Amino acid sequence: SCTSMLVQKFMVPREKVATAAPSTSIDEVARIIIERKVGSVIILEAPNTPVGVVTKTDLIKAAFRSSIDRSQPVSEIMTRDLVSVATGTSKDAVADRMFQTRLHHIVVVEEKTGAFVGLATAWDVARESALDARAFPYNRGALGDD
């Protein structure tokens, strides 16, 4: 069927997402991004409320601001206007949201509580779309997987 898969089926689950507290130093968050080879770190207020995100781009911008001291808390440079979707959101709706906001990382929250449950990335959406394409019978020959 052509119905779009729900976000919780393809998101990165919470336990695999790089997270930090707002008080974590900028330096430490940079280390997490480098060591874990991730594009972003989600900033959580205890225990599970997403309050911001820090991306590689944020760190690069901060590096060029002379007023920034890397021992400062990451809350100084994080992006606070987080874009989030609820667990019941379809893949197509997530893709639309990414397109509208130009964001590659969208936080997934529990519908009722707003608790952080995962991260949807542009990569996950693209991968699922490619897998979907293979499922349509009329695409089979074109993709060379007969």
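Everything quoted here is computed from the prediction, not taken from an experiment.

## Considerations on the packing of aromatic side chains
Geometry of an aromatic ring pair is reported as the spacing of the ring centres plus the angle between the planes.
Here is step 1: Inspection of the entire model under this criterion finds 0 aromatic pairs.
Here is step 2: Directly above the ring of Phe99 sits Arg102, whose terminal nitrogen or CZ lies 5.5 Å from the centroid.

## Digging into the pattern of salt bridges
Here is step 1: All told, the structure shown has 4 salt bridges when counted by the stated rule.
Here is step 2: With a shortest N-O distance of 2.7 Å, Arg31 and Glu28 are connected by a salt bridge. Separated by 3 residues within a single helix, Arg31 and Glu28 lie in helix 2 (residues 26-36), roughly one turn from each other.
Here is step 3: Residue class for Glu28 comes out partly exposed when judged on its relative accessible area of 33%.
Here is step 4: Across the salt bridge formed by Glu128 and Arg127, the nearest N and O atoms sit 3.5 Å from each other.
Here is step 5: Overall, Glu128 belongs to the buried group, its relative accessible area being 11%.
Here is step 6: The class for Arg127 is partly exposed, based on a relative accessible area of 31%.
Here is step 7: Connected through salt bridges with shared partners, the residues Asp124, Arg127 and Glu128 form a single ionic network.

## Describing the confidence of the model for the protein chain
Here is step 1: Scored by pLDDT, the protein chain comes out at a mean of 87, with 88% of its residues at no less than 70.
Here is step 2: Long-range and interchain partners of residues 139-146, a stretch whose pLDDT sits below 50, account for 8 contacts in this model, where long-range means more than four residues apart.

## Examining the pairing of strand 6 (residues 105-109)
When a strand is regular, its side chains alternate between the sheet's two faces.
Here is step 1: Burial runs high along strand 6: 4 of the 5 residues are buried.
Here is step 2: Here 3 bridges tie strand 5 (residues 84-86) to strand 6, and the two strands are oriented parallel to one another. If you follow Val85 over to strand 6, its bridge partner there is Val108.
Here is step 3: Each parallel crossover has a hand, and for strand 5 linked through helix 4 (residues 91-101) to strand 6 it is right-handed.
Here is step 4: Of the strand pairs in this sheet, strand 6 and strand 7 (residues 116-121) are connected by 5 bridges, and their pairing is antiparallel. Its bridge partner lying in strand 7, Val109 is registered against Phe116.
Here is step 5: Taken together, strand 6 and the strand that follows it, strand 7, pair antiparallel across an intervening segment of 6 residues, in which Gly114 is found at a positive phi of about 75 degrees.

## Some remarks on the sheet that holds strand 6
Here is step 1: Spatially, the 4 strands line up as an open sheet ordered 1-7-6-5, and their pairing is mixed. The sheet is open, and its two borders are formed by strand 1 (12-13) and strand 5, each paired with just one other strand.

What counts as what
- Residues numbered from 1 in each chain as written.
- Predicted model: local features only at pLDDT ≥ 70, side-chain atom pairs only at ≥ 80, totals over all residues.
- Heavy atoms only, no water.
- Phe/Tyr/Trp six-rings, centres within 6.5 Å; stacked < 30°, edge-to-face > 60°.
- Lys NZ or Arg CZ within 6 Å of the ring centre and 35° of its normal.
- Salt bridge = Lys/Arg side-chain N within 4 Å of Asp/Glu carboxyl O.
- Helix = DSSP H or I, 4+ residues; strand = E, 2+ residues; numbered from the N terminus.
- Buried < 20%, exposed > 50% of the residue type's maximum accessible area, 1.4 Å probe, protein only.
- pLDDT = per-residue confidence, 0-100.
- Contact = heavy atoms within 4.5 Å.
- Pairing = 2+ DSSP bridges.
- Right-handed = clockwise from strand over helix to strand, strands pointing away.

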